[in-house]
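Spelled out from the first residue to the last, the chains are:
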Amino acid sequence: MRSSPLPRMSRRGRVTIGVLIGVFVFFTLLGWGVNAWTDWLWFDEVRYTQVFTGVLATRLLLFLVIGLGMAAIVAGNLWLAYRLRPQLRPHSAEQATLERYRMLLSPRLGTWIALASAVIGLFAGLSAQSRWGQWLLFRNGGSFGVKDPEFGIDVGFYVFQLPFWRYLLGVGFTAVVLALLGALAVHYIFGGVRLQGVGDRMTNAARAHLSSLVAVFVVLKAIAYVLDQRAMLLEYNEGAKLYGAGYADINALLPAKEILAWIAVVVAVAIIVFSNAWMRNLVWPGIALALLGVSAVAIGGIYPWAVQTFEVKPSARDKEAPYIERSIEATRAAFGLTGTKSTGYAADNLTPPPSLATDTSVVQNVRLLDPQLVSETYTQLQQVRGFYDFGPKLDIDRYAVSGRTSDYVVGVREINYGELPNNNWINRHTVYTHGYGLVGAPANQVVCGGQPYFVSGFLGEKAQEACSSQAEQIPAQQPRIYYGERMEADDYAIVGQTGDRNVEFDRPTSTGGEQYYTYTGEGGVEIGSFTRRLLYAIKEQESNFLLSEAVNDDSKLLYVRNPRDRVEKVAPFLTLDGDPYPAVVNGRVLWIIDGYTTAATYPYAERVNLQAETADELTGRGTFQLARENVNYIRNSVKATVDAYDGTVKLYQFDDTDPVLKAWNKAFGGELVLPKGDIPPELAEHFRYPADLFKVQRNLLTKFHVTDPGDFYSGQDFWQVPNVPDAPDSGQKQPPYYLFTQFPGQESPRFQLTAAVTPNGRQNLAALVSGSYVDGRPQLEVLELPDQTRISGPTQVHQQMTNNGDIRQQLNLLSSNQAQVQYGNLLSLPFADGMLYVEPVYVKSSNQDAYPLLQKVLLSYGDGGSYVVLANNLSDGIKQLVEQGKRAATGSPPPRTGDNPPTTGGTSPPVLTGELAEAAGKVQGAIAEVKAAQASGDFERYGRALKALDEAMAAFQEANPSPGPAPSGSPSASPPASPSASPSPNG
């Protein structure tokens, strides 16, 4: 009588386990079904069901094909191994031990094989379904019209075909290895392979089966060598510190891969022949495999290393030059840098010209409001109710008001659900459903002691505040904000009421009351039926969908209300810019989001990490952090809009030459993205150069503005992005800034994104990079200063301005009496063959609910230290700079810096000019830093300050060989005057 090798489970135990498994499967399928159903309803609402069905069908197809294919390969080989088992097995202790396992497996072998194969197929299918994007590009991708420089293959093969081929090759390797291991195990259990006993250790049938699998593995390795030849153009080249195959790769590794591919084919044939047709043992197949391994090490490893070490390194500059040139050209093409317009800018005018006072293209448009700092001001002055919020950072756009186009700082008044007076379910989801109004203010005006001059987004029919426009200058016919950046994933809204009673809080009235409203837009999913309410009650795990009277037959559910999340769900193949911005277009408030198509397999192009390249001071403070995605190709191919009232999503083709976007559009039926010609002109007027793309391009231009391979290899002309000027030790990069201004070589003012760069390892100014649109096309421009320029960079300019003796004393007065000085954007503006620097100075009281007010403006012209003023407003500052320039031209004594009158009485100190004046200024700044460090109690800072003072004094004495007066360390200063309360275009 046979005894079971394992104890039997009781019937009750089997039932219990069955019930638990059934409950688990039920709730898993229920959750999946609810999510799929609600997703379908959402996609149907936004009219993008082709995305839902396309992605779902593709994922199911890959799951089934790859999963079933993997399961079939493994199951077939397991069954074949069982069928090839020997009928007679020699008696041995080993076989006696295995007999119990044979008794367990044999009665239900088909079940065991099916179960093992199903598990393997399940995991293979789950892995495969995540490759839906690769498959869609593989199937729909076309030509780039550009060939790689080595093989002459169209770039489209690398972007669309190669990734999926390599994935399929990996699937093949996995399937063969699992089949080989499984077949080996079955052969061992059923006696085809033995470790003990007399005679052969392996039957002929088992040897033929296993050797065939090994041969298939080696053939796949031969195919891998062929694909590796193409993939070499994507690898990192250590010799040149660039991506793409270098000298050793092309001249040693490339032919080695080809030789190894042929060796692998020969080895595969040898394994079959020697194992089965000739010697019928594993000695020679083992030798063949060893030969392949030795060849891979010697030909594919040692030989390329020797070429790199003994031939390339001694003369790397010359050997790598052609391949560096390939990388430069490919990188500039892949990241849209080819059309960059580079212009020399001497910046040799160090004296403020008289034309500063009369200019209308640069000075008149200088932006004084910093969108990061004044967000608190907007919240406090335009909040009205404590639950309204503008977020941590506002946005910059331009509007034509009264026939004049200029920058405006704009923000949307949204609901901050964390600040609701009674944050229960009814209030959160049915009463406080929306914000109200796009609030805007000219970026170059302040009023009422430093406040923005608000011109739009008023809660009443007209503004009540004395410091705002009395009428809407940017009118929105529908100002209600149901979709905004402050919306979290669980901030859904239930709208639509029965009868005439409005229950949605709309806005406070001028009489102190409250106005209510009922949503009338087309957006939202209808949830009037019991089935829909039950569906969303399960999805949101909220019983109020079924129990609350607030949900009625006319109710709609608005969810996925963050504009960026909304576009991301509609177009999951796009990488979205981290800074969506609102605009009033034809009376509607629209969110505009820039969408990028990316790739990571453009041959020879530099590979960058989007998260690292786009991070700066503002990341996470009003802008979204991009995902950690490695790319070597990017295009701003889509401009997406989301209606702030009804949530309508539209995707507009912006780059009509991008092959990647064409492939995605084709994959979803060809009508997913609207043609570029359908962009309304009123919308196109608000398009701006996207910030994240500009950061990537700016960072690449710090190296790839050098196009000569030899100069690139030396790296002497590389640039770097400076740190934040007022906090250089923070390690955070200075963000680019939007300006409506005119740069040299431009015919008229443009709305452009601008950034300064400095030489690598130094702080003086190297170039200004700007991005704008010209005739609807992106245009990058570089104003490049001469090498060894005297013009200071942003960090130096800020230090020189704030460390000036007179200015430092005034700043100390501003920060006294429990107030804090905050610095706005430091703007670097080329003007009249020189550089104009403007930095607004805000003061924020330490009182509760205080907000920053623009109190002063720092200005400098020339090299950053010779002509510096701290003025009440921009107009006064420009006048003082011009006056300093006139005095310098006539040889008159320079005026004192700032707003202070010169001291009277006693003997006037001699006038310091040129290098002596510069040295004296540095001494004064060093003295001020010593005093500040001493007051702070930071001994490390105090030591550094003393050292800097010694160096400054030594430099002053060297510049002043004859005995003369030392620079004063405590210049006098008078309290600053109050800013004007009337609106002024210059602050």
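Thresholds, definitions, all that
- Residues numbered from 1 in each chain as written.
- Predicted model: local features only at pLDDT ≥ 70, side-chain atom pairs only at ≥ 80, totals over all residues.
- Heavy atoms only, no water.
- Helix = DSSP H or I, 4+ residues; strand = E, 2+ residues; numbered from the N terminus.
- Buried < 20%, exposed > 50% of the residue type's maximum accessible area, 1.4 Å probe, protein only.
- Contact = heavy atoms within 4.5 Å.
- Areas by Shrake-Rupley, 256 points an atom, 1.4 Å probe, with all protein chains shown as cover.
- Expected span 1.5 Å × (residues − 1).
- Arc of directions from axis to C-beta.
- Patch = residues over 30% accessible without salt bridge, like charges linked within 9 Å, V, L, I, M, F, W, Y side chains within 5 Å.
- Salt bridge = Lys/Arg side-chain N within 4 Å of Asp/Glu carboxyl O.
- Lys, Arg positive; Asp, Glu negative; His and termini not counted.
- Charge placed at Lys NZ, Arg CZ, Asp CG, Glu CD.
- Polar contact = N/O pair within 3.5 Å; in protein donor to acceptor, adjacent residues only side chain to side chain.
- Axes fitted to C-alpha atoms, helices over the stretch in contact; angles between N-to-C directions.
- Parallel < 35°, antiparallel > 145°, perpendicular 65-115°, else oblique.
- Left-handed = near helix turned anticlockwise from the far one by under 90°.
- Nonpolar A, V, L, I, M, F, W, Y, C, P; charged D, E, K, R; others polar.
- Pairing = 2+ DSSP bridges.
- Phe/Tyr/Trp six-rings, centres within 6.5 Å; stacked < 30°, edge-to-face > 60°.
- Lys NZ or Arg CZ within 6 Å of the ring centre and 35° of its normal.

## A short note on the overall build of the protein
Thought 1: Assigned secondary structure in the protein consists of 26 helices and 34 strands.
Thought 2: Burial analysis of the protein (987 residues in total) assigns 52% to the buried set.
Thought 3: In the protein, 68% of the contacts between residues at least 6 apart in sequence involve partners at least 24 apart.
Thought 4: As displayed, the protein has an accessible area near 44200 Å², and 55% of this comes from carbon and sulfur atoms.

## A closer look at helix 14 (residues 530-540)
Thought 1: Of the positions making up helix 14, those classed as buried are Arg533, Leu535, Tyr536 and Ala537.
Thought 2: Residues of helix 14 that are buried sit in contact with helix 1 (11-46), strand 16 (525-526), helix 15 (544-547) and strand 17 (556-558).
Thought 3: One or two steps after helix 14, the chain reaches Gln541, where phi turns positive at roughly 50 degrees.

## Examining helix 4 (residues 109-129)
Three or four residues apart is the spacing at which side chains of an α-helix point the same way, because the helix has 3.6 residues per turn.
Thought 1: Taking 1.5 Å of rise per residue, 21 residues should cover 30 Å, and helix 4 covers 30 Å from first to last C-alpha, within 8% of that figure.
Thought 2: Taken together, the buried positions of helix 4 are Leu109, Ile113, Ser117, Gly121, Ala124, Gly125, Ala128 and Gln129. Burial along helix 4 is one-sided: seen end-on, the buried residues are contained in an arc of 120 degrees. Exposed and oriented more than 90 degrees from the buried face of helix 4 are Thr111, Leu115 and Phe123.

## A few points about a negative patch on the surface
Thought 1: Together, Glu325, Glu329, Asp708, Asp711, Asp717 and Asp787 make up a negatively charged patch on the protein surface.
Thought 2: Take Glu325: it is sitting in helix 11 (residues 321-334).
Thought 3: On the accessibility criterion, Glu325 (37% relative accessible area) is partly exposed.

## So, the side chain of Thr623
Thought 1: Tracing the backbone through its elements, the reader meets Thr623 in the loop between helix 17 (610-614) and strand 22 (630-631).
Thought 2: A polar atom in the side chain of Thr623 sits 2.8 Å from the backbone oxygen of Leu618.
Thought 3: Beyond its immediate stretch of four places on either side in the chain, Thr623 contacts Lys393, Gly578, Asp579 and Leu618.

## Some points on unusual backbone geometry
Thought 1: Positive phi, normally seen in glycine, also occurs at Lys241, with a value near 60 degrees.
Thought 2: Its identity is not glycine, yet Ala347 carries a phi of approximately 50 degrees, on the positive side.
Thought 3: Note on placement: Ala347 falls in the loop between strand 3 (341-344) and helix 12 (374-382).
Thought 4: Its relative accessible area of 4% is what places Ala347 among the buried residues.

## Brief notes about the packing of helix 1 against helix 14
Thought 1: Relative to each other, helix 1 and helix 14 sit at 120 degrees, their axes nearing to 10 Å. Taken together, the axes of helix 1 and helix 14 lie oblique to each other. Relative to helix 14, the crossing made by helix 1 is left-handed. Across the interface between the two elements, Val34, Asn35, Trp37, Thr38 and Leu41 of helix 1 pack against Thr531, Arg532, Leu535, Tyr536, Ile538 and Lys539 of helix 14.
Thought 2: Residue composition of the contact of helix 1 with helix 14, grouped by class: six nonpolar, three polar and two charged.

## Notes on the sheet that holds strand 17
Thought 1: Taken together, the three strands give an open sheet; going across it, the order is 13-17-16, and neighbouring strands pair in antiparallel fashion. Two strands bound the open sheet, and with one partner strand each, they are strand 13 (493-495) and strand 16.

## A short note on the side chain of Asp646
Thought 1: By the secondary structure assignment, Asp646 is in the loop between strand 23 (633-643) and strand 24 (649-653).
Thought 2: The class of Asp646 is buried, set by a relative accessible area of 12%.
Thought 3: Looking at Asp646, its side chain comes within polar contact range of the side chain of Thr648, at 2.8 Å.
Thought 4: Contact partners of Asp646, with chain neighbours within four places excluded, come to Glu45, Tyr483, Tyr519, Glu522, Gly523, Arg566 and Arg588.

## Digging into the environment of Arg85
Thought 1: Following the sequence through the fold, Arg85 ends up in the loop between helix 2 (49-83) and helix 3 (93-105).
Thought 2: A relative accessible area of 24% means that Arg85 is categorised as partly exposed.
Thought 3: C-alpha of Arg85 to C-alpha of Tyr188: the two residues are 103 residues apart in sequence and 9.2 Å apart in space.

## So, the pattern of salt bridges
Between side chains of opposite charge, pairing is possible as soon as their charged atoms come close.
Thought 1: All chains considered together, the criterion is met by 28 salt bridges.
Thought 2: Between Arg480 and Asp506 there is a salt bridge whose closest N-O contact spans 2.8 Å. With Arg480 in strand 12 (residues 480-481) and Asp506 in strand 14 (residues 504-508), this residue pair connects regions lying 26 residues apart in the sequence. Across the pair, exposure class does not vary: Arg480 and Asp506 are buried alike.
Thought 3: Glu883 is the salt-bridge partner of Arg887, the closest N and O atoms lying 3.6 Å from each other. Residue Arg887 and its partner Glu883 are both found in helix 24 (residues 874-890); the two are separated by four residues, about one turn of the helix.
Thought 4: Classification of Arg887 as partly exposed rests on a relative accessible area of 29%.
Thought 5: For Glu883, a relative accessible area of 36% puts it in the partly exposed group.
Thought 6: One network of salt bridges, in which partners are shared, links Lys393, Asp395, Asp579 and Arg688.

## A short note on the packing of aromatic side chains
Thought 1: Taken as a whole and judged by the stated rule, the model has 42 aromatic pairs.
Thought 2: Ring geometry for Tyr689 versus Phe694: centroids 6.1 Å apart, planes at 85 degrees, classification edge-to-face. Of the two residues, Tyr689 and Phe694, both sit in the buried class.
Thought 3: Taken together, the ring pairs in this structure connect Trp135, Phe138, Phe164, Trp165 and Tyr167 into an aromatic cluster.
Thought 4: Here the guanidinium or amino end of Lys639 rests over the ring plane of Phe654, the centre of that ring lying 4.8 Å away.
Thought 5: Note that Arg688 overlies the ring of Tyr581, its terminal NZ or CZ placed 3.9 Å from the centroid.

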